[in-house]
Amino acid sequence: MKVTLRHLSKSFGAGSPVVDDVSFEIGSGEIFGLVGPSGCGKTTILRMIAGFARPDTGDILFGERRMNDVAPPDRHAAMVFQHFAIWPHLTVFDNVAYGPRARGVKAAEVDERVRRALATTRLADFSARKPAQLSGGQQQRVALARALAAQPDLVLFDEPLSSLDARLRLELREELRRIQQESGLTCLYVTHDQEEALSLCDRLAVMNAGRLEQVGTPEEIYRHPATEFAARFLGEINLLRAESLWRAALGVAGDGLAGFRPESARVDEMGAPATVRSSRFLGSRAELVVEMPGAEPLKIWTATAFAAGSPIRFAVAPEDWIRLPAAPQR
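Rules used in this analysis
- Residues numbered from 1 in each chain as written.
- Predicted model: local features only at pLDDT ≥ 70, side-chain atom pairs only at ≥ 80, totals over all residues.
- Heavy atoms only, no water.
- Helix = DSSP H or I, 4+ residues; strand = E, 2+ residues; numbered from the N terminus.
- Buried < 20%, exposed > 50% of the residue type's maximum accessible area, 1.4 Å probe, protein only.
- Contact = heavy atoms within 4.5 Å.
- Areas by Shrake-Rupley, 256 points an atom, 1.4 Å probe, with all protein chains shown as cover.
- Lys, Arg positive; Asp, Glu negative; His and termini not counted.
- Charge placed at Lys NZ, Arg CZ, Asp CG, Glu CD.
- Salt bridge = Lys/Arg side-chain N within 4 Å of Asp/Glu carboxyl O.
- Expected span 1.5 Å × (residues − 1).
- Polar contact = N/O pair within 3.5 Å; in protein donor to acceptor, adjacent residues only side chain to side chain.

Section: the overall build of the protein
Okay, step 1: A tally of helices and strands in the protein yields nine helices and 17 strands.
Okay, step 2: For the protein, the spread of C-alpha atoms along the principal axes amounts to about 75 × 45 × 30 Å.
Okay, step 3: When the 330 residues of the protein are sorted by exposure, 50% land in the buried category.
Okay, step 4: Partitioning the intrachain contacts of the protein with sequence separation of at least 6 by distance along the chain shows that 64% fall at a separation of at least 24.
Okay, step 5: Within the structure as shown, the protein displays about 15,700 Å² of accessible surface, and the carbon and sulfur contribution to it stands at 51%.
Okay, step 6: Seen as two clouds, the 40 positive and the 41 negative side-chain charges of the protein have centres 4 Å apart.

Some words on the environment of I300
Okay, step 1: Mapped onto the elements, I300 comes out in strand 15 (residues 298–302).
Okay, step 2: Classification of I300 as buried rests on a relative accessible area of 1%.
Okay, step 3: Separated by 63 residues in the primary sequence, I300 and I237 place their C-alpha atoms 9.2 Å from one another.
Okay, step 4: When near neighbours in sequence (up to four residues on either side) are disregarded, I300 contacts F260, P262, A265, A286, E287, L288, V290, I312 and F314.

Looking at the pattern of salt bridges
Okay, step 1: By the definition in use, this model includes 27 salt bridges.
Okay, step 2: Note that R211 and D20 form a salt bridge whose closest N and O atoms lie 3.9 Å from each other. Note that R211 is positioned in strand 10 (residues 211–216) and D20 in strand 2 (residues 19–26), a separation of 191 residues in sequence.
Okay, step 3: On the accessibility criterion, D20 (25% relative accessible area) is partly exposed.
Okay, step 4: Where salt bridges share partners, they join R122, R141, E175, R178 and E182 into one cluster.

Considerations on helix 5 (residues 166–183)
Okay, step 1: Compared with an ideal rise of 1.5 Å per residue, which puts 18 residues at 26 Å, helix 5 spans 26 Å between its outermost C-alpha atoms and is within 8% of the ideal.
Okay, step 2: Listed as buried for helix 5 are L168, L172, R173, E175, L176, R177, R178, I179 and Q180.
Okay, step 3: Close packing links the buried residues of helix 5 with strand 3 (31–35), helix 3 (107–120), helix 4 (136–149), strand 7 (154–158), strand 8 (186–191) and helix 6 (194–200).
Okay, step 4: Two or three places before R167, at the opening of helix 5, D165 has a side-chain oxygen 3.2 Å from that residue's backbone nitrogen.
Okay, step 5: G184, located one to two residues past helix 5, shows a positive phi value of around 70 degrees.

Here is the structure:
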């Protein structure tokens, strides 16, 4: 199911809008990521789509149907929260069955829905357990299975992995992608985790202070950011203003901002001279902070580590430079 937002705005009290004239479209069967820092309006958008908040202006369409005045239970949207929100006194089976039973679905169909949802989320062997007997990752899969059993047209994810440790986040990220691809669900995924957004979502909307900065695929936004905020938010970047001494050393002319990602730097005997201020070994790469007199420090990644104080020369290929107009951030 396609979801369309047209000129959506929302304010609370007399302050600035929390959501300010936001428009985008979620394609049928895609995971669409809504990313940005805390307070940028992404959760408010999710709540308006779910029906828990009403927009001041603008329209929300599911397919061609305007949903502004439709009650939450009638929107056929399921939510998966950061905090699992599963009943501690019910078994896994009964937690997953709760929604269909509450909607009056016949017992035989409830059993079939639960069976399929538990199989999809690889929880079939845990159906008789209580939540306290499960790991955090298993509890989050119960929440996902509950959403699947409701057979929604849309699944809304609100920071679903942020309370888990790094290993579990990675495992569940892969599981979520597998389940979405197998089921063909349309999903809106709200997160502030850049790596999660890049690896999981088909397309992204980057938000800042209630407004959209850019919409595109993760690769488009990463390689061709439209604004300074989008460039800085999605991944690490060195952005050099026209007066930076690095511009001449690296052979980059022109006005506006010129930037490069740390992985674009390569050690080159003919490159710009620098001194390593610090070096961190990160397994697959070394992260160096380099400097030269009168210039700001830069971050580059290399295959091998260098000791602090070491001289180094590096270059950036012309095709790896990112160009942006010089514009003040909001």
